[in-house]
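# What the coordinates show
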Amino acid sequence: VQLQASGGGLVQAGDSLRLSCAASGRTFSRYIMGWFRQPPGKVRELIAAISRGGTNTYYADSVKDRFTISRDNAKNTVYLEMNTLKPDDTAVYYCAAKLTVVTLGSLTPGGMDYWGKGTQVTVSS
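Below or above, wherever it landed, is the structure these notes cover. Just so you know, these numbers come straight off a predicted model, no measurement behind them.

## Here we look at the nonpolar core
- Within the largest apolar cluster, 28 residues are counted, with the highest numbers of intra-cluster contacts made by Met33, Trp35, Leu80, Met82 and Tyr93.
- Contributing elements (two or more residues each) for this core: strand S1 (3–6), strand S3 (17–23), strand S4 (32–38), strand S5 (45–50), strand S7 (67–72), strand S8 (77–82), strand S9 (91–98) and strand S11 (119–124).

## Details of the sheet that holds S3
- The antiparallel open sheet is built from four strands, whose spatial order is S1-S3-S8-S7. With one partner strand each, in any of the chains shown, S1 and S7 form the two edges of the open sheet. Put simply, the sheet's adjacent strands are angled 15 degrees from each other on average, direction ignored.

## Examining the packing of aromatic side chains
- Applying the stated criterion to the full structure yields three aromatic pairs.
- Summarising the aromatic geometry, the rings of Tyr31 and Tyr114 are spaced 5.9 Å apart at their centres and angled 75 degrees between planes, so their arrangement reads as edge-to-face. Here Tyr31 is found in the loop between S3 and S4, whereas its partner Tyr114 is found in strand S10 (residues 114–115), with 83 residues between them in sequence.
- When the ring of Tyr94 is compared with that of Trp115, the centres are 6.1 Å apart and the planes differ by 85 degrees; the resulting orientation is edge-to-face. Of the two residues, Tyr94 sits in strand S9 while Trp115 sits in strand S10, which places them 21 residues apart along the sequence.
- On the basis of relative accessible area, Tyr94 is assigned to the buried category, the value being 15%.
- According to the relative accessible area criterion, Trp115 is partly exposed, its value standing at 29%.
- An aromatic cluster is built from Phe36, Tyr94 and Trp115, whose rings are joined through pairwise contacts.
- The lysine or arginine in question, Arg44, covers the ring of Tyr94, its NZ or CZ lying 3.7 Å from the ring centre.
- A cation sits over an aromatic face here: Arg71 above Phe28, 4.5 Å from the ring centre.

## Re unusual backbone geometry
- Its identity is not glycine, yet Asp65 carries a phi of approximately 75 degrees, on the positive side.
- Located in the positive-phi region is Asn76, a residue other than glycine, with phi close to 55 degrees.
- Exposure remark for Asn76: the relative accessible area of 16% places this residue in the buried category.

## Notes on the pairing of S9
- Most of S9 sits inside the fold, with seven of its eight residues counted as buried.
- By the bridge criterion, three bridges tie S9 to S11 in an arrangement that is antiparallel. When the sheet's bridge partners are listed, Tyr93 is paired in S11 with Thr119.
- Taken together, the two bridges between S9 and S10 define a ladder with antiparallel strand orientation. The residue of S10 that forms the bridge with Ala97 is Tyr114.

## Side note on the environment of Ser16
- Mapped onto the fold, Ser16 is located in the loop between strand S2 (9–12) and S3.
- Taking relative accessible area as the criterion, Ser16 reaches 40% and is therefore assigned partly exposed.
- In this structure, the C-alpha to C-alpha distance between Ser16 and Thr84, residues 68 residues apart in sequence, is 6.1 Å.
- Apart from residues lying up to four places away in sequence, Ser16 is in contact with Val11, Met82, Asn83, Thr84 and Leu85.
- Polar side-chain contacts of Ser16 include one of 2.9 Å to the side chain of Asn83.

Thresholds applied
Residues numbered from 1 in each chain as written. Predicted model: local features only at pLDDT ≥ 70, side-chain atom pairs only at ≥ 80, totals over all residues. Heavy atoms only, no water. Core = buried A, V, L, I, M, F, W, Y, C linked by side-chain atoms within 4.5 Å. Buried < 20%, exposed > 50% of the residue type's maximum accessible area, 1.4 Å probe, protein only. Helix = DSSP H or I, 4+ residues; strand = E, 2+ residues; numbered from the N terminus. Pairing = 2+ DSSP bridges. Axes fitted to C-alpha atoms, helices over the stretch in contact; angles between N-to-C directions. Phe/Tyr/Trp six-rings, centres within 6.5 Å; stacked < 30°, edge-to-face > 60°. Lys NZ or Arg CZ within 6 Å of the ring centre and 35° of its normal. Contact = heavy atoms within 4.5 Å. Polar contact = N/O pair within 3.5 Å; in protein donor to acceptor, adjacent residues only side chain to side chain.

Read these as geometric descriptors, not functional statements.
Here it is as structure tokens:
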């Protein structure tokens, strides 16, 4: 599967952004999807994940109650709605897919099967 993330940009603190990740192929619904981010000079981290059917979600503490992950399997797309953005949210954001079913919170960058190119999110204070 090929993934293409979009929707990043430069915003001010408190603003909102919606990231999208479009997948190719007809097997999108078989994949657990995750959003990762990599701040400047830091390691890539999992911030949100969603189960194949969209029923279950996971959020890192740093984004809980501000970000919402969702997916539309009919459109082969996963979304990340980001509200109340903070300067600490500045990072390159990546979507990734994993075929094997695992606990969402246990997803790691090294364990994902496919990656999209990142999209830059910059939040100014």
